[in-house]
Amino acid sequence: MLTKTVRQLIRKEGWKNLKRRYYLNILVAFIFSVIISGGYQFATQRGSILDDNAFSTTASIVEAENGNGLLGKDTSRSNAETLRQFIFNIFEIEDIDDPDDIPTTSEQYYGGVASVFVNEISGSQSFVFGILNGVNQLVFGGKIASSITIFIFAVISIFIFLFFKNVIVVGKNRYFLEQRRYHGTGASELLFPYKNKRLKNIAFVMFFKYIYQVLWNLTIVGGIIKRYEYYLIPYLVAENPEITKKEAFELSKTLMHGEKWKCFILEASLFPWYILSYFTFNLSSLFFSDAYIECVRAEIYMQIRTAKKDSLRLGLRKLLNDDLLAIDHIEECEHPSGVEVMDIPSVSIHDLRYDYNRNYPFISLVQLFFTYSFVGWIWEVFYYVASIGKLVNRGTMHGPWLPIYGVGGILIILLLKPLRERPGLLFVGAVAVCGTVEYTTAWALETFLHKKWWDYTGFFLNIHGRVCFEGLLVFGMAGLAFTYVFSPMLDDIYKKVDIKYRRVVCIALLVLFAADLVWSVLSPNVGVGVTM
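Scope of this entry: the structure provided in the associated data block. This is a predicted model, so every value here is computed, not measured.

### Some details on the overall build of the protein
Scanning the protein for helices and strands turns up 21 helices and zero strands. Considering the protein as a whole, with its 532 residues, one finds that 48% of them fall into the buried category. In the protein, once contacts between residues fewer than 6 apart in sequence are set aside, the share between residues at least 24 apart is 74%. By element, 67% of the accessible surface of the protein is carried by carbon and sulfur atoms, the whole surface being about 26200 Å².

### Some remarks on helix 1 (residues 4-20)
Owing to its 3.6 residues per turn, the α-helix aligns residues three or four sequence positions apart on the same side. Under the 1.5 Å per step criterion, the end-to-end length of helix 1 is 25 Å for 17 residues, consistent within 8% with the ideal 24 Å. Where helix 1 is concerned, the buried positions are Val6, Arg7, Ile10, Glu13, Gly14, Asn17 and Leu18. The buried residues of helix 1 occupy an angular sector of 140° when projected down its axis, which confines them to one face. Along helix 1, the residues that are exposed and aim more than 90 degrees away from the buried face are Lys4, Thr5 and Lys12.

### Here's the deal with a nonpolar patch on the surface
Taken together, Ile156, Phe159, Ile160 and Phe164 make up a surface patch of nonpolar side chains, about 370 Å² in accessible area. Structurally, the position occupied by Ile156 is in helix 7 (residues 147-165).

### So, the packing of helix 8 (residues 168-178) against helix 15 (residues 283-308)
Their axes nearest at 9 Å, the elements helix 8 and helix 15 cross at an angle of 75°. Classified by the angle their axes make, helix 8 and helix 15 are roughly perpendicular. Residues Lys172, Asn173, Phe176 and Leu177 of helix 8 pack against Ala291, Glu294, Cys295, Ala298, Tyr301 and Met302 of helix 15. Looking at the contact of helix 8 with helix 15 residue by residue, the class counts come to seven nonpolar, one polar and two charged.

### Considering the pattern of salt bridges
Enumeration according to the criterion identifies 21 salt bridges in this entry. Between Asp323 and Arg305 there is a salt bridge; the shortest N-O distance is 3.0 Å. With Asp323 in the loop between helix 16 (314-317) and helix 17 (362-388) and Arg305 in helix 15, the pair connects residues that are 18 residues apart, well separated along the chain. Of the residues examined, Asp323 reaches a relative accessible area of 44% and is grouped as partly exposed. A salt bridge links Arg358 to Asp491, with the shortest nitrogen-to-oxygen separation between them at 3.0 Å. Residue Arg358 is found in the loop between helix 16 and helix 17, and its partner Asp491 is found in helix 20 (residues 469-494); the two are separated by 133 residues along the sequence.

### Digging into the side chain of Asp455
In this fold, Asp455 is placed in the loop between helix 19 (423-449) and helix 20. The class for Asp455 is buried, based on a relative accessible area of 4%. One polar contact links Asp455 to Thr457, side chain to side chain, over a distance of 2.6 Å.

### Thoughts on unusual backbone geometry
Excluding glycine, residues mostly have negative phi values, and the peptide bonds linking residues are mostly trans. Phi angles above zero are rare outside glycine, and His450 is one such case at about 60°. Within the secondary structure layout, His450 lies in the loop between helix 19 and helix 20. The backbone phi angle of His464 is positive, close to 55°, even though this residue is not glycine. Structurally, His464 can be placed in the loop between helix 19 and helix 20.

### Concerning the packing of aromatic side chains
Describing an aromatic ring pair means giving the distance of the ring centres and the angle of the ring planes. All chains considered together, the criterion is met by 28 aromatic pairs. Seen from their ring centres, Tyr228 and Tyr231 are 5.9 Å apart, and the 10° between their planes marks the pair as stacked. Just as Tyr228 is buried, Tyr231 falls in that class too. Through successive ring pairs, a cluster of aromatic residues spans Phe204, Phe207, Phe208, Tyr212, Tyr230 and Phe249. Here the guanidinium or amino end of Arg227 rests over the ring plane of Tyr228, the centre of that ring lying 4.5 Å away. When the ring centre of Phe249 is taken as origin, the NZ or CZ atom of Lys245, which lies over that ring, is 5.9 Å away.

### Some words on the nonpolar core
Of all hydrophobic cores here, the largest spans 61 residues; its most connected members are Leu177, Leu232, Leu236, Leu251, Ile300 and Tyr301. Counting only elements with at least two residues in this core, the list comes to helix 1, helix 2 (22-37), helix 8, helix 9 (199-217), helix 11 (233-239), helix 12 (245-255), helix 13 (260-268) and helix 15. Here this core gets eleven residues from one element, more than from any other, and that element is helix 15. Those residues in contact with Ile300 that lie beyond four places of it in its chain are Ile10, Tyr231, Cys263 and Leu266. Ranked by size, the runner-up nonpolar core spans 27 residues in total, among them Tyr360, Leu368, Cys434 and Leu490.

### Describing the environment of Arg394
Position of Arg394 among the secondary structure elements: in the loop between helix 17 and helix 18 (403-415). Residue Arg394 is classed as buried on the basis of its relative accessible area of 3%. When neighbours within four sequence positions are excluded, Arg394 is seen to be in contact with Trp377, Glu380, Val381, Tyr384, Leu402, Trp453, Asn525, Gly529 and Val530. Of note is the side chain of Arg394, whose polar atom sits 3.0 Å from the side chain of Glu380.

### Some words on helix 15
Helix length check: helix 15, at 26 residues, gives a terminal C-alpha distance of 37 Å against a target of 38 Å (1.5 Å per residue), a fit within 8%. Residue Ser289 marks the point of greatest curvature in helix 15, where the axis turns by about 45°. Counting buried residues in helix 15 gives 22 out of 26 residues, a clear majority hidden from the surface.

### A few points about the packing of helix 19 against helix 20
To describe two helices that pack against each other, one gives the angle between their axes and the distance between the axes. Between helix 19 and helix 20, whose axes approach to 8 Å, the crossing angle comes to 120°. With respect to helix 20, the axis of helix 19 lies oblique. By crossing handedness, the relation of helix 19 to helix 20 is classed as right-handed. Judged by residue contacts, Pro423, Leu426, Phe427, Ala430, Val431, Cys434, Gly435 and Glu438 of helix 19 engage Leu472, Leu473, Phe475, Gly476, Met477, Gly479, Leu480, Thr483 and Tyr484 from helix 20. Of the residues belonging to the contact of helix 19 with helix 20, the class tally is twelve nonpolar, four polar and one charged.

How each quantity is defined
Residues numbered from 1 in each chain as written. Predicted model: local features only at pLDDT ≥ 70, side-chain atom pairs only at ≥ 80, totals over all residues. Heavy atoms only, no water. Helix = DSSP H or I, 4+ residues; strand = E, 2+ residues; numbered from the N terminus. Buried < 20%, exposed > 50% of the residue type's maximum accessible area, 1.4 Å probe, protein only. Contact = heavy atoms within 4.5 Å. Areas by Shrake-Rupley, 256 points an atom, 1.4 Å probe, with all protein chains shown as cover. Expected span 1.5 Å × (residues − 1). Arc of directions from axis to C-beta. Patch = residues over 30% accessible without salt bridge, like charges linked within 9 Å, V, L, I, M, F, W, Y side chains within 5 Å. Salt bridge = Lys/Arg side-chain N within 4 Å of Asp/Glu carboxyl O. Axes fitted to C-alpha atoms, helices over the stretch in contact; angles between N-to-C directions. Parallel < 35°, antiparallel > 145°, perpendicular 65-115°, else oblique. Nonpolar A, V, L, I, M, F, W, Y, C, P; charged D, E, K, R; others polar. Polar contact = N/O pair within 3.5 Å; in protein donor to acceptor, adjacent residues only side chain to side chain. Phe/Tyr/Trp six-rings, centres within 6.5 Å; stacked < 30°, edge-to-face > 60°. Lys NZ or Arg CZ within 6 Å of the ring centre and 35° of its normal. Core = buried A, V, L, I, M, F, W, Y, C linked by side-chain atoms within 4.5 Å. Bend = angle between axes of the 7 residues up to and from the residue. Left-handed = near helix turned anticlockwise from the far one by under 90°.

The values are spatial; any link to function lies outside them.
Structure, rendered in structure tokens:
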């Protein structure tokens, strides 16, 4: 079917489709590349393992030659290295070549958990190997205390991969299929997987396509063959988002029967565009060939679909259920692709179990202050037991409390009350309030007591080692948790206790805290694992 004449027709139609909406096509191809590749530096490189055509032979050849082959070894910096140096210059941080040479316990966690994953994922340009390398560095490198955060980052990353990066391919394909015949098609079709409540099925099918392709790639030759056997799956899902995994694989295999080699020849004819991209520093890809190749691939699908649909058995033929994509003329309207319903469950803070918008009496504020201070102390003690294997009393004070956690929690409750109906602003407010408290406290301790109780030097996006990106992110999430869940929940628990006993406990805690405060001013808590 993909004869020489048809291949010429496909390239010609691809060129016409590109010109028809040139600027929007370029924009969509660019946005897709940025999403998949993780940044502008890789935006026009077509070799990401997350792309639906990631295993293209031509793209692989370009990558191989750019790495260690004919074109020499790539000596450019990774995104992470460039970003890190930029940040270091802004905050006047001295870069350290060898993290093992850093003397203090805190600074040995060079770059923090977030920085490790930014470096590994961006540096390797691979989601899977980036995660594995990050886990290897943090866990097997002796940084066991970071394991909890690692799993949080890993879960978030896997979620993003499964339900965003790996399915946005279908949205991209849907756009290029529609724009062939519908002049009104918009860039919003990139979000096609999230429409009509089909996200789970699309993610399921695309996940298995990805896994099967990775496994077949281990056989090299089998990987090339299966790449073309699975070639149409993302387009089939883009046409029919209800198609099952079994149906998608069977239909793609049937349609590509006898066409795999011809499709390979057609894609090989596009190889000069990859060469030109290299010599033009990817500018030709950005302003032409990326979008042109997407138009060609959409045309390949439609040509095969049109030629073979009537010869399919009834069960498979019914799966090609969007004949409006195959009309023989150009429409000025948008394709009637269904109701614009995002398949994202809505969660309202008004559905929460607890009354978060309450006013807290003074006695409850005192109890919340000591609760958060104690929980903060427990957390840091546990952290240092895991990281250095020693039980140390964290904080400037001698008692089992870290008042910085309590102060942050109370300030969120009191100062950010007007933002309780707006979680986004509350998150930003919590970051600002807690970040200010932490920075100011660190500055005061360093200025007046001439010691450091924490130091984020070398951590991702730190400011003078007093606050860092990871900490601020945790503060924001903790602020939401404090406001909507823990504070009202704890207040309900406190109120179940007789008010007389609550007063006695609060007075006793305040007296002990005051005594500890005086003692700590005269003789601060210092030592190994406590101060730097």
